[in-house]
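Spelled out, the chains give:
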Amino acid sequence: MEQRSLPLRLGFLGGGVMAEAIIRGIIEKKLVDASSVTVYDVVESRLDLFQKMGVGTCKNSFEILHADVIVLAVKPDVVSEALKSIKDGWKPEKHLLVSICAGVSIGTIEQQLVSKSRVIRVMPNTPCLVGEAAVAFSCGSCATTDDQKVVEKIFSSVGLASCVPEKLLDAVTGVSGSGPAYVYMFIEALADGGVLNGLPRDVSLSLATQTVLGAAKMVASGNEHPAKLRNAVESPGGTTIHGTSTLEKHNFRTAVIQAVTAATNRAKELGGSK
């Protein structure tokens, strides 16, 4: 079913690759026209790129405030400077701020804007660049139900979007934020295993990549638990059960679980959580 358009103007404070991916997604899904999107970035070449897409650009950050939804897409170390540049023109009744800045809490943003500002914090991941993001977001105390729906529409245009309490965003970082790197490592190892056993590298990598893609689609498209799908492939005494039992011997699942926990704990450290 075609998604309905958003009758809103969007402004992006920061025009990096993640912002570009989001903008391409919302335009391709016809949520907004390119003419309803404006970007400000300090890098001139990025503004040139957006102009070629038909997207508006600004000469300074303050001009972005003509938009209704402001997406804060700058690096975490310049968040304070970016918010300071728009604070004087910020109107809580008009503006919704959506932050995709890693490790910057809703409270930190609210403290640097005016009272009763509507803020939603979003944790996207890099598959956003190919329209297959796993996105989680959390709403500030002043954000409305309509604000939540707007964010769901925006980020559903580049993948899957789920609302969670902010205290869980560190765990989201451990699973979906860092998760693509774990999957890349698995694909690399699966392909190397094929090479070790005689497959040409290009063939082995293609097979490994498609295997992960197909398996993920089977999990996503049905109601079966991954363990049940795995059991269905493991014939008694067959090749697969010998392979999976070897993974178990080498603590494959424990290693993945511990990786998620380590990434979660590091996210907490970086964000000052306890």
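Refer to the structure presented above.
Below or above, wherever it landed, is the structure these notes cover. This structure is a prediction, so every number in the text was calculated from the model and none was measured.

## A word on unusual backbone geometry
Unlike most non-glycine residues, lysine 30 shows phi in positive territory, near 60 degrees. Looking at the element boundaries, lysine 30 is found in the loop between α1 (17-28) and β2 (37-40). The phi dihedral of lysine 116 is positive, around 65 degrees, even though this residue is not glycine. Within the secondary structure, lysine 116 is located in the loop between α4 (106-112) and β6 (118-123). Judged by its relative accessible area of 64%, lysine 116 falls in the exposed class.

## Remarks on the pattern of salt bridges
Counting across every chain of the model gives 10 salt bridges. Of the charged contacts in the structure, one is a salt bridge between aspartate 68 and arginine 9, with a shortest N-O distance of 3.6 Å. With aspartate 68 in the loop between β3 (56-57) and β4 (69-72) and arginine 9 in the segment before β1 (10-13), the pair connects residues that are 59 residues apart, well separated along the chain. With a relative accessible area of 16%, aspartate 68 lands in the buried category. The exposure class of arginine 9 is partly exposed, given its relative accessible area of 36%. In this structure, glutamate 20 engages arginine 24 in a salt bridge whose closest nitrogen and oxygen atoms are separated by 2.9 Å. With glutamate 20 and arginine 24 both in helix α1 and 4 residues apart, the pair spans about one turn of that helix. Under the relative-accessibility criterion, glutamate 20 is labelled buried at 15%.

## Quick word on the layout of surface pockets
Reported here for the second largest pocket is a volume of approximately 700 Å³. Looking at the second largest pocket, it is lined by 29 residues, and the ones nearest its centre are Gly14, Ala73, Val74, Lys75 and Val78. Those elements that place two or more of their residues in the lining of the second largest pocket are α1 and α3 (79-86). A class-by-class count of the residues in the lining of the second largest pocket yields 17 nonpolar, 8 polar and 4 charged.

## Description of the sheet that holds strand β8 (residues 159-163)
By definition, the strands of a sheet pair up through backbone hydrogen bonds, in either a parallel or an antiparallel sense. Pairing in this open sheet of 8 strands is mixed, and the strands run β3-β2-β1-β4-β5-β6-β7-β8 from one edge to the other. For this open sheet the edge positions go to β3 and β8, each flanked by a neighbour on one side alone. For β2 and β3, the ladder comprises 2 bridges, and the chain directions are parallel. Bridge assignment links valine 39 to a residue of β3, and that residue is threonine 57. Set on the sheet, α3 makes contact with β1, β4 and β5 (96-99); between it and β4 the angle comes to about 155 degrees.

Cut-off values and rules
Residues numbered from 1 in each chain as written. Predicted model: local features only at pLDDT ≥ 70, side-chain atom pairs only at ≥ 80, totals over all residues. Heavy atoms only, no water. Helix = DSSP H or I, 4+ residues; strand = E, 2+ residues; numbered from the N terminus. Buried < 20%, exposed > 50% of the residue type's maximum accessible area, 1.4 Å probe, protein only. Salt bridge = Lys/Arg side-chain N within 4 Å of Asp/Glu carboxyl O. 1 Å grid on protein atoms, 1.4 Å probe; cavity = no way out; pocket = protein on both sides within 12 Å on 5 of 7 lines; lining within 4 Å. Points joined across faces, edges and corners; volume = space filled by probe spheres on them. Nonpolar A, V, L, I, M, F, W, Y, C, P; charged D, E, K, R; others polar. Pairing = 2+ DSSP bridges. Contact = heavy atoms within 4.5 Å. Axes fitted to C-alpha atoms, helices over the stretch in contact; angles between N-to-C directions.

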